[in-house]
Amino acid sequence: MTAGTAEHTRAVLDKARRENFPVAPRFLPRAWRSDLMAVYGYARLVDDIGDGDLAPGGTDAVLLGLGRARADDRLALLDALEADLNRVFAAGGEPRHPLLAALRPTVERCGLTPDPFRGLLEANRQDQRIRRYATHDDLLGYCELSANPVGRLVLAVTGSTTPERVRRSDAVCTGLQIVEHLQDVAEDLGRDRIYLPADAMKRFGVTEADLGAAHASTAVRELIAFEAARARELLDEGTPLVGSVRGRLRLLLAGFLAGGRAALRALAAARYDVLPGPPRPTKLDLVRELGATLRREG
């Protein structure tokens with residue numbers, strides 16, 4: 001790996017600091033941190049391709065064997081990434097992209113399967129085709145691909161997978177995804193995407209034009225509050241996941257939930273006016289929610 005390529009991949013991994021929840025905090029065992037960051041690097045790369053947020057210059061397209069001329073072809077990049085993912089799981093395969101090369105030892109050490117990784121790819125392909133969701137159930141189907149695989153991978157990396165934990169994890173991950181959508185309404189609209197269900201928009205009398213305003217109207221605020229309550233219900237449904245494990249994993253999972261709940265607190269503090277920009281939780285709110293989650297599941 002060249003110095004430039006190493007710097008490029010570090011820039012992708014550094015985005016972990018901007019997430020609502022801790023990705024691989026230092027209190028975890030070193031092996032877990034390494035494996036979780038390898039999974040995060042893949043997930044972040046997939047999302048950056050799907051959102052058109054890759055670093056300029058076409059480095060990722062070159063690394064994936066496409067060439068700079070196709071650096072803006074998102075579907076081609078996702079296809080090339082899937083081909084590289086197949087190399088991760090193939091005996092004797094040699095992944096081209098350094099983030100996937102880093103993923104391979106994790107896959108082998110933790111016995112990971114390709115399905116969660118492919119789900120993330122399919123979610124980003126769907127983002128290129130589908131830009132509106134008619135119902136809450138339709139949005140949940142999208143989250144099954146875009147969010148739930150991440151939680152399942154965390155359980156697999158930490159050797160904690162059971163059917164009940166997967167069910168609870170799915171609820172948490174879907175709730176976190178919906179919270180992120182609520183924070184990013186304006187940003188998503190700028191990409192011609194709306195993750196607010198059309199039937200809920202109709203119920204509150206909200207039009208797409210309303211979402212493009214500088215500040216949220218009363219109707220938009222009521223819609224965001226309604227969707228935030230749905231997200232909170234999902235986080236509550238998943239909360240017993242924390243009490244089902246012990247030690248440092250318990251603290252990590254509590255941190256995920258605390259990040260979501262702190263983000264909901266930030267939405268409420270902004271009176272659900274998400275249009276000027278995403279309301280972000282304070283560190284104090286995160287600490288408070290972490291303590292509350294640990295006490296609740298103590």
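So, here is what we can say about the structure in this document. (Residues numbered from 1 in each chain as written. Predicted model: local features only at pLDDT ≥ 70, side-chain atom pairs only at ≥ 80, totals over all residues. Heavy atoms only, no water.)

## Here's the deal with the overall build of the protein chain
What counts here: We count a stretch as a helix when DSSP gives it H or I for four or more residues in a row; a strand needs E for two or more, and each element gets its number in order from the N terminus. A radius of gyration in this sense is built from C-alpha atoms; the matching globule rule multiplies 2.2 Å by the number of residues raised to 0.38. Throughout, exposure labels follow a simple rule: accessible area from a 1.4 Å probe, protein chains only, divided by the maximum for the residue type, with under 20% read as buried, over 50% as exposed, and the rest as partly exposed. When checking whether two residues touch, look at their non-hydrogen atoms; a contact exists if any pair is within 4.5 Å. Per-residue and other accessible areas follow the Shrake-Rupley method at a 1.4 Å probe size, with only the shown protein chains counted as cover for residues. Asp and Glu count as negative and Lys and Arg as positive, but His and the ends of the chain are not part of the count. The atom standing in for a charge is NZ when the residue is Lys, CZ when it is Arg, CG when it is Asp and CD when it is Glu.
Helix and strand content of the protein chain: 16 helices and zero strands. Relative to the compact-globule value of 19 Å for 298 residues, the protein chain shows a C-alpha radius of gyration of 19 Å, a close match. Counting only C-alpha atoms, the protein chain reaches 55 × 50 × 30 Å along its principal axes. For the protein chain, the residues scored as buried account for 52% of the 298 residues in total. Long-range pairs, those at least 24 residues apart, make up 68% of the contacts in the protein chain between residues at least 6 apart in sequence. Per element, the accessible surface of the protein chain, about 13500 Å² overall, is 52% carbon and sulfur. The positive charge centre, built from 42 side chains, and the negative charge centre, built from 41, are 6 Å apart in the protein chain.

## Side note on the side chain of His181
Positionally, His181 belongs in helix 9 (residues 163-183). Among all residues touching His181, those that are not within four sequence positions of it are Leu139, Tyr142, Asp188 and Tyr195.

## Notes on helix 4 (residues 74-89)
The following threshold applies: Each helix should span, by expectation, one fewer than its residue count multiplied by 1.5 Å.
Counted at 1.5 Å a residue, the expected span for helix 4 with its 16 residues is 22 Å, and the 23 Å between its end C-alpha atoms agrees. Within helix 4, the full set of buried residues consists of Ala76, Leu77, Leu78, Ala80, Leu81, Asp84, Leu85 and Val88. On its buried side, helix 4 packs onto helix 2 (30-51), helix 3 (59-63), helix 5 (98-110) and helix 6 (115-129).

## Things to note about the packing of helix 6 against helix 8 (residues 148-157)
To keep things clear, this is the line we draw: For helices, the fitted axis covers only the stretch in contact; all axes are lines through C-alpha atoms, and the angles between them, taken along N-to-C directions, range from 0 to 180 degrees. Roughly parallel here means an angle under 35 degrees, roughly antiparallel means over 145, roughly perpendicular means 65 to 115, and every remaining angle is called oblique. Take the far helix as your reference; a near helix turned counterclockwise from it by less than a right angle gives a left-handed crossing, and one turned clockwise gives a right-handed crossing.
Put simply, helix 6 and helix 8 touch, their axes get as near as 9 Å, and they point 160° apart. Taken as axis vectors, helix 6 and helix 8 run roughly antiparallel relative to one another. Classified by chirality, the crossing of helix 8 by helix 6 is left-handed. Along its contact with helix 6, which presents Pro116, Phe117 and Leu120, the element helix 8 presents Pro149, Val150 and Leu153.

## Here's the deal with unusual backbone geometry
In this model, Asp192 sits at a positive phi of 60°, which is unusual for a non-glycine residue. Inspection of the secondary structure assignment puts Asp192 in the loop between helix 10 (185-190) and helix 11 (198-203). Residue Arg271 is not a glycine yet carries a positive backbone phi of 55°. Relative to the assigned elements, Arg271 resides in the loop between helix 15 (247-269) and helix 16 (283-296).

## Here's the deal with the nonpolar core
In summary, soluble globular proteins display a tendency toward joint burial of nonpolar side chains. Test applied: Among buried residues, the Ala, Val, Leu, Ile, Met, Phe, Trp, Tyr and Cys ones that are joined through side-chain atoms within 4.5 Å form a nonpolar core.
The biggest cluster of nonpolar side chains holds 79 residues, and the ones touching the most others in it are Tyr42, Leu81 and Leu196. With residues up to four places along the chain from it excluded, the contact list for Leu196 reads Tyr133, Leu182, Val185, Met201, Leu211, Leu223, Ile224 and Glu227.

## Quick look at the pattern of salt bridges
Any two side chains of opposite charge can pair if their charged atoms end up close together. Convention followed: Any carboxyl oxygen of Asp or Glu that lies within 4 Å of a side-chain nitrogen of Lys or Arg is treated as forming a salt bridge with it.
In total, this model carries 26 salt bridges according to the counting rule given. The partner of Asp192 in a salt bridge is Arg132, with the nearest N and O atoms 2.8 Å apart. Of this pair, Asp192 sits in the loop between helix 10 and helix 11 while Arg132 sits in the loop between helix 6 and helix 7 (136-146), and the two are 60 residues apart along the sequence. Since its relative accessible area comes to 31%, Arg132 is described here as partly exposed. Between Glu289 and Arg265 there is a salt bridge whose closest N-O contact spans 3.0 Å.

## What to know about the packing of helix 2 against helix 5
Between two packed helices, what matters for the description is the angle formed by their axes and the separation of those axes. Where helix 2 meets helix 5, the axes come as close as 9 Å, and the angle between the chain directions of the two elements is 130°. Here helix 2 lies oblique to helix 5, going by the angle between them. For helix 2 against helix 5, the interelement crossing comes out left-handed. Contact with helix 2, carried on its side by Ser34, Asp35, Ala38, Val39, Gly41, Tyr42 and Leu45, involves Leu99, Leu100, Ala102, Leu103, Thr106, Arg109 and Cys110 of helix 5 and no other residues of that element.

## Focus on helix 5
The end-to-end C-alpha distance of helix 5 is 19 Å, a good match for the 18 Å that 13 residues give at a rise of 1.5 Å each. Among all positions of helix 5, only Pro98, Leu99, Leu100, Leu103, Arg104, Thr106, Val107 and Cys110 are buried. Phi turns positive, to about 65°, at Gly111, one or two residues after helix 5.

## Some details on the side chain of Arg261
Relative to the elements of secondary structure, Arg261 occurs in helix 15. Residues within four places of Arg261 in sequence aside, it is in contact with Leu235, Asp236, Thr239, Glu289, Thr293 and Arg296.

## Regarding the packing of aromatic side chains
Convention followed: Aromatic rings from Phe, Tyr and Trp, taking only the six-membered ring of Trp, are treated as a pair when their centres fall within 6.5 Å; an angle between ring planes under 30 degrees marks them as stacked, one over 60 as edge-to-face, and anything in between as tilted.
Under the defined criterion, the tally for this structure stands at six aromatic pairs. With a centroid separation of 5.2 Å and 85° between ring planes, the pair formed by Tyr42 and Phe117 is classed as edge-to-face. One end of the pair, Tyr42, is in helix 2; the other, Phe117, is in helix 6, with 75 residues separating them in the sequence. With 5.5 Å between their ring centres and 25° between their planes, Tyr142 and Tyr195 make a pair best called stacked.

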